[in-house]
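Here's the letter readout for the chains.
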Amino acid sequence: MNGIVYLTGAGPGDYRLLTLKGRDVLKEADVVVYDYLADERLLDFARPDAEKIYVGKKAADHTLSQEGIIALLLEKARAGNIVVRLKGGDPFVFGRGGEESRALHDAGIPFEIIPGVTSAIGAAAYAGIPVTDRTAASSFAVVTGHEDPTKKESSIRWDKLATAVDTLVFLMGVHNLPLITKELMAHGRAADTPAALVRWGTKPIQETLVATVGDIAQKAAEQQFKAPAIFVVGDVVSLRPSMQWFDTKPLFGLRIAVTRTHAQAPALTRQLENLGASCIEVPTIRIEPPSDDYAALDTAIDRLTEYDWLIFTSTNGVDAFFRRLALKGLDSRALGQAKLAAIGSATADALLTHGLTADVVPRAYCAEGLFEALSPHLRGGEKILIPRAKEARSFLPDTLRRKGADVEICEAYQTIGASENKERLEKLLTDGQIDVVTVTSSSAVHHFLDLTQDASDKLDAVTFACIGPITAQTCREKGLTQILTASTYTTAGLTDCIKDWRLNTR
Ligand code: SAH
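Residues numbered from 1 in each chain as written. Predicted model: local features only at pLDDT ≥ 70, side-chain atom pairs only at ≥ 80, totals over all residues. Heavy atoms only, no water.

An unreviewed UniProt entry annotates the protein chain as uroporphyrinogen-III C-methyltransferase originating from Megasphaera massiliensis.

If you want it as structure tokens, here you go:
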């Protein structure tokens, strides 16, 4: 039986501009066929086992011809697959969606079109340029700028187009800018009409050049302004100063490598991206079961009622603890009267998801802060359980024992170096593509440095943003020089500290 093909608009760049329907079909897809304009993070919406086929089309390097792409879609659909054909922007705006849907129709293969945000409108909007405006434009047209200049008869009716429409947006026009502007002026568009180029619109590397129809071709040549860009002509361009919102964000243009685990990175990435940063998630660690087994933790769980206090020093510890509890058919009620301490707000939140409120959360989210906050509650002789990582520091158990507590540590998980990003990280560093690296634990620092050994001479150019003083100390001990330390030891604090640093160094 035939499958189905979804011709899906991926939006212009910012992967969050994908439609909900687009995300739904990506989740279902057996095969994803994608272009080079689509952000590769879109592929993360697909199942890990979905087949992902790159058919990228840059002007000069056709990885697969259009006929080849169509043949591929037919073949995959005939084999019964759910196929998502992901295209930059909107599939029907110079996306050759027409040819692909016709071919599918002729072959009797079911297909659907899922529109996307076209760069013609989206890239302009991210540059603070509205394509229509009550004061400045009551019409707009989207035009190809890719016409062969040697072609005798242009299919563009320059005589009509040049002045009939208020806002003109040319796609694929960077190369032909001299010709386009010449035609516009020859057919009556004033040379002083505002005009703008927006390159890589909606992406953190977005660049905008504002000029006039008369001089933009020359300015673009001087600045070596490159594709892909939209070319916008019209009075709406002059609205940009009052509508700019994206490229004025505090972290705009900053390239940040986020080294947290796969599970934890997205929340930090989102905070940084909301401030305009460009984030690359390169987990350097992953969380694994304890090196021996869960015996110690399981035994502790069997004797849970004996403990006066349970101390959690990370969300990973909370997760592992409650997973083991659930495996025994138990839940939060098994904790009985034991009091709870959490090292910070994220760990306290993790407890809250199990219906538990921490009795102690220190003001400073670190072992030292936790000890200080716990001290007043201890008289000596309390039995304390700390389910935590194998490689954690001894500060907390040591100081608690000195206070007379009976401290039991059990390994709930271990942190392992993740090497899948080694090549990618080295390449990014070697190409000077990383400005900041976020590190949220000392083990993340160790594993990051292990992974990037071969590019270690590039690390002087990189700023290490640390979640707290212990992680920062580890960076210093390792000889790193550019170090930022959050003053609140949370991801929000880390984000704030990067923001303050950027504002001060700009
Ligand atoms: N279907 C796409 C257009 C494909 S043609 C859409 O609806 O956006 C490719 C051209 O689109 C590029 O040459 C460039 O002019 C424009 N383009 C695509 N993405 C862009 C982006 N993020 N920023 C600026 N221009 C972009």
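**Student:** Looking at this structure, how should I read the sheet that holds strand E5 (residues 111–114)?
**Tutor:** The strands that make up a sheet are held in pairs by hydrogen bonds between backbone atoms, and each pair lies either parallel or antiparallel. Spatially, E3-E2-E4-E1-E5 is the arrangement adopted by the five strands of the open sheet, whose pairing is parallel. On the outer flanks of this sheet lie strand E3 (51–54) and E5, each paired with one strand and no other. The average angle at which neighbouring strand axes cross in this sheet is 15°, direction not considered. Bridge count between strand E2 (residues 31–34) and E3: four bridges; the pairing is parallel. Within E3, the position partnered with Val33 by the bridge is Ile53. Sheet strands touched by helix H2 (residues 66–78): strand E1 (4–9), E2, E3 and strand E4 (82–87). Its angle to E4, the strand with the most contacts, is close to 155°. (Pairing = 2+ DSSP bridges. Helix = DSSP H or I, 4+ residues; strand = E, 2+ residues; numbered from the N terminus. Axes fitted to C-alpha atoms, helices over the stretch in contact; angles between N-to-C directions. Contact = heavy atoms within 4.5 Å.)

**Student:** Looking at this structure, how should I read the nonpolar core?
**Tutor:** Across soluble globular proteins, you tend to see nonpolar side chains buried next to one another. Counting 27 residues, the largest nonpolar core has Leu310, Phe321, Phe322, Leu335 and Leu351 as its most contacted members. Of all elements in the fold, only helix H10 (295–302), strand E14 (309–312), helix H11 (315–327), strand E15 (339–342), helix H12 (345–352), strand E16 (383–389) and strand E17 (406–417) reach the threshold of two or more residues within this core. If one sorts the elements of this core by residue count, H11 sits on top with five residues. Those residues in contact with Leu310 that sit more than four places away from it in its chain are Leu304, Phe321, Leu335, Ala338, Lys339, Leu340, Ala341 and Leu385. (Core = buried A, V, L, I, M, F, W, Y, C linked by side-chain atoms within 4.5 Å. Buried < 20%, exposed > 50% of the residue type's maximum accessible area, 1.4 Å probe, protein only.)

**Student:** Is there a simple way to explain the environment of Met243 in this structure?
**Tutor:** Along the chain, Met243 falls in helix H8 (residues 240–243). Leave out the neighbours within four places in its chain, and Met243 touches Gly128, Pro130 and Asp133.

**Student:** Would you take a moment to explain the packing of aromatic side chains for this structure?
**Tutor:** Working definition: an aromatic ring pair is given by the centre-to-centre distance plus the angle between the planes. Under the counting rule described, the total for this entry stands at 12 aromatic pairs. Three or more aromatic residues link up through ring pairs in this structure, and these residues are Tyr126, Trp245, Phe246 and Phe252. Geometry around Trp200 places Lys203 over its ring, the cationic atom sitting 5.6 Å from the centre. (Phe/Tyr/Trp six-rings, centres within 6.5 Å; stacked < 30°, edge-to-face > 60°. Lys NZ or Arg CZ within 6 Å of the ring centre and 35° of its normal.)

**Student:** For this particular structure, what's the right way to read the site of the ligand?
**Tutor:** Taken together, the neighbourhood of the ligand is formed by 18 residues, with Val93, Thr118, Ser119, Gly201 and Ala229 sitting nearest. Trp200 is positioned with one of its backbone polar atoms (N or O) 3.5 Å from a nitrogen atom of the ligand. One of the backbone N or O atoms of Gly201 is found 2.7 Å from a nitrogen atom in the ligand. When isolated, the ligand has an accessible area of 540 Å², and the protein chains bury 92% of it. Elements that contribute at least two residues to the shell around the ligand include exactly helix H4 (119–126) and strand E10 (229–233). Among the residues forming the shell around the ligand, the class breakdown is 12 nonpolar, five polar and one charged. (Near = heavy atom within 4 Å. Polar contact = N/O pair within 3.5 Å; in protein donor to acceptor, adjacent residues only side chain to side chain. Areas by Shrake-Rupley, 256 points an atom, 1.4 Å probe, with all protein chains shown as cover. Nonpolar A, V, L, I, M, F, W, Y, C, P; charged D, E, K, R; others polar.)

**Student:** Any chance you could explain the UniProt feature "domain: Tetrapyrrole biosynthesis uroporphyrinogen III synthase" (unreviewed entry) in the protein chain here in plain terms?
**Tutor:** In this structure's numbering, the residues bearing the UniProt feature "domain: Tetrapyrrole biosynthesis uroporphyrinogen III synthase" (unreviewed entry) are residues 268–495. The span residues 268–495 shows a helical share of 37% and a strand share of 20%, and its end C-alpha atoms are spaced 8 Å apart. (UniProt positions renumbered as here; feature names shortened; annotations may be inferred.)

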